[in-house]
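Coordinate inspection notes
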Amino acid sequence: MSELSEADISALVRENDTYPEQVWYTIAAFLFIVGCFQWGSLVYSKFARRRHYDSDEETATTSVIQYKFSLRRIPLAIINVYRVVAFRWTLEIGQSYTLNVAEVFVTVAYIALLLIYAFINTTSVEGQKLDIIYWSNRIAMLASSQFPIVTALGTKNNLVSLVTGISYDRLNYIHRMMARTCFMLLWVHAAGEVVCFPAYVPSIHACTFLIEFTESFRETLNEDWLRVGITAMVAFSILIIVSLRPVRSDVYEVFFYVHFLGVLIFLVGGYYHTKGAHGSYWIWPSFVFWAFDRFIRVVRLVVFNHSYFGFKSGTGTMDATTELLSEDTVRLRLRRPQHFHWSPGQTAYLIMPSVSTLPFEAHPFTIASFDSSLLSTAKLEDQSESSENYETQVLASGVPFWKELVFLVNVHGGFTKKLKEVAATKGQVKVFVDGPYGPSSDLSSYDTSVFVAGGSGISYTLPVFLSVIESVRKGKSSCKRVVFIWSIRGADYVQWIEEALVKAVQLAPSSLTVSIRIFDTGSPSMSQSMEEDSSLTSPTEKKGTPEQVVTRKGSLTSSILLSLRGVNMAKGRSDLDALLKEEVSIASGSMSVSVCGSQGIARAVRHALRFPVSGPSSILSGGPSVTLYVESFGYA
């Protein structure tokens, strides 16, 4: 380590100012490119929908799909290759952690970007390469410059989502990755500072060196800038530990509290630590982004729960009823406020002061119900004068599913365990709703839509499934076939959504083929099948009169559901690979696959939709262009 000259100091100051700015320009350019692709894709889907309408009349009389090789489909083949490589090729770590190639690329590129800027031009005026004083200080400034975007990515309302069109929950991985990268850089900075500590002067005797080092370090510890820096790093280290997936998923409440306090301590400590080095201007924007997000959330909380705050008379508007559906699932239902609207697949944060440890502790859940007035009043497509159909119509007409906010909650520990205790007594809880958040997939331009869910994953797939049927009824979608695949642990799970499924099949127009396939992976005694086994593997639906079967005793609706055309129920695990490849083989045009379930289900779907299913040869030969939407369980 060489002594710093005035030229060295001038270079250090200049590079510490310019290099973080250049990193920001690079990240901003990348986000702009991603945003162009995202918004361009949205615009393309709108135009694609119009082209579907124009071509529907031409293909209406053609019932046989004819695949023809065409070089004009080369751009579409390239897009599908990109989708497969970027999002369906994965790096699987253990049984519960999966990274796709796009996430791996972004991670490696981001770390490489920071390390390149940390170690370039670190040769001192005297010619010493990789001078520790150069990169030790610069690496800290680079990490500090990332705090505003790290903070923004961790909020629900942020500019990055607006620019890129990517929802906050999908950006959460980037938030964690960038935070952990900055954590690594700051510890490198701390190690570098220890190595180049002023007391590090070679001594003849080791004892003399140790005494001098200890005394000098104690004197330095009396300086406030170092104390707050150490405190900030301790808080950051604890925060990184509790943010690891095993801790975050098993004891979410601990993560929630530590995350809030840890971030506050770290940012305050980091601000005062960098103030002396004129780097605090990178820290204070983090407080602005955080405060802006909290302000928006408070406003939304007051607007959507105004009866609690005295702005409008009314009682019980947001009182929720609880019901224990199974040992690990609780259904939460509350009357939908007239001013509250959401789109299929969106989430809401629920605050239940009587259940949670802290009064304003918010937990995210997918809204399982469908905000639609059409489906509650529409005339049924397939009505007959038979008593059976009349009975079906009457039974489904009283479904409150369309007028409620419904949540299916997986029971783990902490908050959800307490909610389960309330549901066991069918008690009521007061709920504050913050939302909706997240994207809503627009599937109106697809010819075929497939939905795959496991257990409570139907919280996501069911509303989107219903929205497709509604869009076809309104003439806003050219979808010809919709497939709903649901894996459950017991036949009684069907009761969760059977009324909604009955009405969905009834309301489906004749131009839309609906296939519902339910797989019971529980005990054989609880499993049932409506049609012959051959129908489960047949890609086409029966057009004749449905067979009568024996269903669960005391469940009239289940009997009606299983007797409807296109509804199949079988025992055993679903062969998702065979089912999806079968759907691709009979599809034409464009096809969407939406999945919500465990990591095992998501992996199976990704594997099934890799090459050659979405390969260049398939696309060039007229095969369907397949788009995959994956919604993950949990908070990660």
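In this text the structure is predicted, and so the values were computed from the model without any measurement.

Concerning the confidence of the model for the protein chain
As a general rule, the predicted coordinates of low-pLDDT regions are not to be interpreted in detail. Taken over all residues, the pLDDT of the protein chain has a mean of 80, while the share at 70 or more is 78%. Least confident of the elements in the protein chain is helix 18 (residues 533-537), whose mean pLDDT is 35; most confident is strand 10 (residues 448-454), at 95. For residues 56-64, every residue scores under 50 in pLDDT, and the model assigns this stretch two contacts once sequence neighbours within four places are set aside. Contacts of residues 525-557 to residues separated by more than four positions or lying in other chains number 69 contacts, the stretch itself having pLDDT below 50.

Remarks on the packing of aromatic side chains
For the structure on display, the rule yields 24 aromatic pairs. Summarising the aromatic geometry, the rings of Trp-89 and Phe-611 are spaced 5.9 Å apart at their centres and angled 85° between planes, so their arrangement reads as edge-to-face. One end of the pair, Trp-89, is in the loop between helix 2 (74-88) and strand 1 (90-93); the other, Phe-611, is in the loop between helix 21 (599-608) and helix 22 (616-620), and 522 residues separate them in sequence. Judged by its relative accessible area of 38%, Trp-89 falls in the partly exposed class. Looking at Phe-611, the relative accessible area reads 33%, which means it is partly exposed. Plain terms: the ring middles of Tyr-252 and Phe-255 are 5.9 Å apart, the flat faces sit at 50° to each other, and that makes the pair tilted. One end of the pair, Tyr-252, and the other, Phe-255, are both in helix 11 (residues 252-275), three residues apart, so they sit about a helical turn from each other. Each of the two residues, Tyr-252 as well as Phe-255, counts as buried. The ring centre of Tyr-349 lies 5.0 Å from the NZ or CZ of Arg-297, which sits over that ring. The side chain of Arg-300 reaches across the aromatic face of Tyr-437, ending 4.5 Å from its centre.

Section: the sheet that holds strand 7 (residues 404-410)
Pairing between sheet strands relies on hydrogen bonds along the backbone, with the strands arranged either parallel or antiparallel. On the basis of which strands lie adjacent, the open sheet formed by four strands has the order 7-4-3-8 and antiparallel pairing. Taken across any chain shown, the strands that pair with only one partner, and hence form the sheet edges, are strand 7 and strand 8 (428-430). Taking the axes of each pair of neighbouring strands and ignoring which way they run, one obtains an average angle of 30° across the sheet. The pairing of strand 3 (residues 319-326) with strand 4 (residues 329-335) spans six bridges and is antiparallel.

Here we look at the environment of Asp-293
One can find Asp-293 in helix 12 (residues 284-304). Asp-293 sits in the buried class, given a relative accessible area of 2%. Setting aside residues no more than four positions away along its own chain, Asp-293 makes contact with Thr-155, Lys-156 and Asn-157. Within polar-contact distance, the side chain of Asp-293 engages the backbone nitrogen of Lys-156 at 3.1 Å.

Here's the deal with a nonpolar patch on the surface
Residues Phe-69, Leu-71, Ile-74 and Ile-78 make up a contiguous nonpolar surface patch of about 430 Å² in total accessible area. Mapped onto the fold, Leu-71 is located in the loop between helix 1 (6-59) and helix 2. Residue classification places Leu-71 among the exposed residues on the basis of a relative accessible area of 58%.

Parameters at a glance
Residues numbered from 1 in each chain as written. Predicted model: local features only at pLDDT ≥ 70, side-chain atom pairs only at ≥ 80, totals over all residues. Heavy atoms only, no water. pLDDT = per-residue confidence, 0-100. Helix = DSSP H or I, 4+ residues; strand = E, 2+ residues; numbered from the N terminus. Contact = heavy atoms within 4.5 Å. Phe/Tyr/Trp six-rings, centres within 6.5 Å; stacked < 30°, edge-to-face > 60°. Buried < 20%, exposed > 50% of the residue type's maximum accessible area, 1.4 Å probe, protein only. Lys NZ or Arg CZ within 6 Å of the ring centre and 35° of its normal. Pairing = 2+ DSSP bridges. Axes fitted to C-alpha atoms, helices over the stretch in contact; angles between N-to-C directions. Polar contact = N/O pair within 3.5 Å; in protein donor to acceptor, adjacent residues only side chain to side chain. Patch = residues over 30% accessible without salt bridge, like charges linked within 9 Å, V, L, I, M, F, W, Y side chains within 5 Å. Areas by Shrake-Rupley, 256 points an atom, 1.4 Å probe, with all protein chains shown as cover. Salt bridge = Lys/Arg side-chain N within 4 Å of Asp/Glu carboxyl O.

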